[in-house]
Amino acid sequence: MRYGPPRGTRDLPPEEMILRNKVVEVIRRTFEAYGFSPLETPAFERLEVLQAKCGEEVKEQIYAFKDKAGRMLGLRFDLTVPLARFVACNPQIPKPFKRYCISRVWRYEEVKAGRRYREFWQADADIVGSQSLEADVECLALVSDCLQRLSIDNFYIRLNSRKLLNAMAKAAGVPASKTLDVFRAIDKMDKIGLEGVLEELKGIGLKSGVREKLVDFLMAEGTNEELLEHAKRIAGEDEGLRELEEVLRLAETYGFAEKLKVDLSLARGLDYYTGPIYE
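Okay, so let's go over this structure. (Residues numbered from 1 in each chain as written. Predicted model: local features only at pLDDT ≥ 70, side-chain atom pairs only at ≥ 80, totals over all residues. Heavy atoms only, no water.)

1. With respect to the sheet that holds strand 3 (residues 64-66)
If you walk across this open sheet you meet the three strands as 2-4-3, and the pairing is antiparallel. Of all strands in the sheet, those bounded by a partner on one side alone are strand 2 (44-46) and strand 3. The average undirected angle you get between the axes of adjacent strands in this sheet is 35 degrees. Bridge count between strand 2 and strand 4 (residues 72-75): three bridges; the pairing is antiparallel. In the strand pairing of strand 4, Glu45 is matched with Gly74. (Pairing = 2+ DSSP bridges. Helix = DSSP H or I, 4+ residues; strand = E, 2+ residues; numbered from the N terminus. Axes fitted to C-alpha atoms, helices over the stretch in contact; angles between N-to-C directions.)

Dropping the structure here:
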């Protein structure tokens, strides 16, 4: 019999837990200082709920199982889907609803020692029910503040827009039916590199000219202002571009604009991203 923890999980001895608890406490205090309230949801959800907007790759990563009554369930792979389900079940909640959750999630991914586990923790803070870009900027300010309170100063926050990516894909000639597949491929840039992304785009069925236009857009470098001008030349006067300009303007007011870096290659493969995206 083997007594070690299951592959992709780990034990945290007291000395690590003490340090971890200190970090979590800093994050929790910062979340609450910004007016976010705690919410906890079940570790598992109905499988159909988890699969509704996640895409094929994430579907393969869900720890799915059948309970004793024959119901199909799955361990949550992030904290956003349970939040959306909670809000849908409780429409009477006053809006905007500002919640945070610091808890475990699970994904059946390739295990990389010291870098990636199948059981890990996320710290989420979300604002539900606001159309204002100030909600996005408040979340960005919160991220910046959390890191600085943890004495992490050498960082920047990558910023892009799904609306701008949509406009870019259209300008490059990507068929509407393949747009989400393209974003999912681009989302793997950090894992598989540009060549790997190009191979995936080729596998999707994009013509070489379309792939070249996408690369021209994605791999541009420069200041935030130069990148926005580059995007404007390709995508035109797009709503997503205007939103990014407004986010950068508001960030100046909040005092953390120097931490924002426009990155036109930043994408998110999940269906529920619609506006500004950041990492």
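2. Some details on the packing of helix 10 (residues 224-235) against helix 11 (residues 239-254)
Relative orientation and spacing of two packed helices are given, respectively, by the angle between their axes and the distance between those axes. Closest axis-to-axis distance for the helix 10/helix 11 pair is 11 Å, and the angle between their directions is 165 degrees. Viewed along their axes, helix 10 and helix 11 adopt a mutual orientation that is roughly antiparallel. Here the hand of the crossing between helix 10 and helix 11 comes out left-handed. For the pair helix 10 and helix 11, the contacting residues are Asn224, Leu228, Ala231 and Lys232 in the first and Leu241, Leu244, Glu245 and Leu248 in the second. Taken together, the residues that form the contact of helix 10 with helix 11 break down as five nonpolar, one polar and two charged. (Parallel < 35°, antiparallel > 145°, perpendicular 65-115°, else oblique. Left-handed = near helix turned anticlockwise from the far one by under 90°. Contact = heavy atoms within 4.5 Å. Nonpolar A, V, L, I, M, F, W, Y, C, P; charged D, E, K, R; others polar.)

Purely spatial values, then, with no claim about function.
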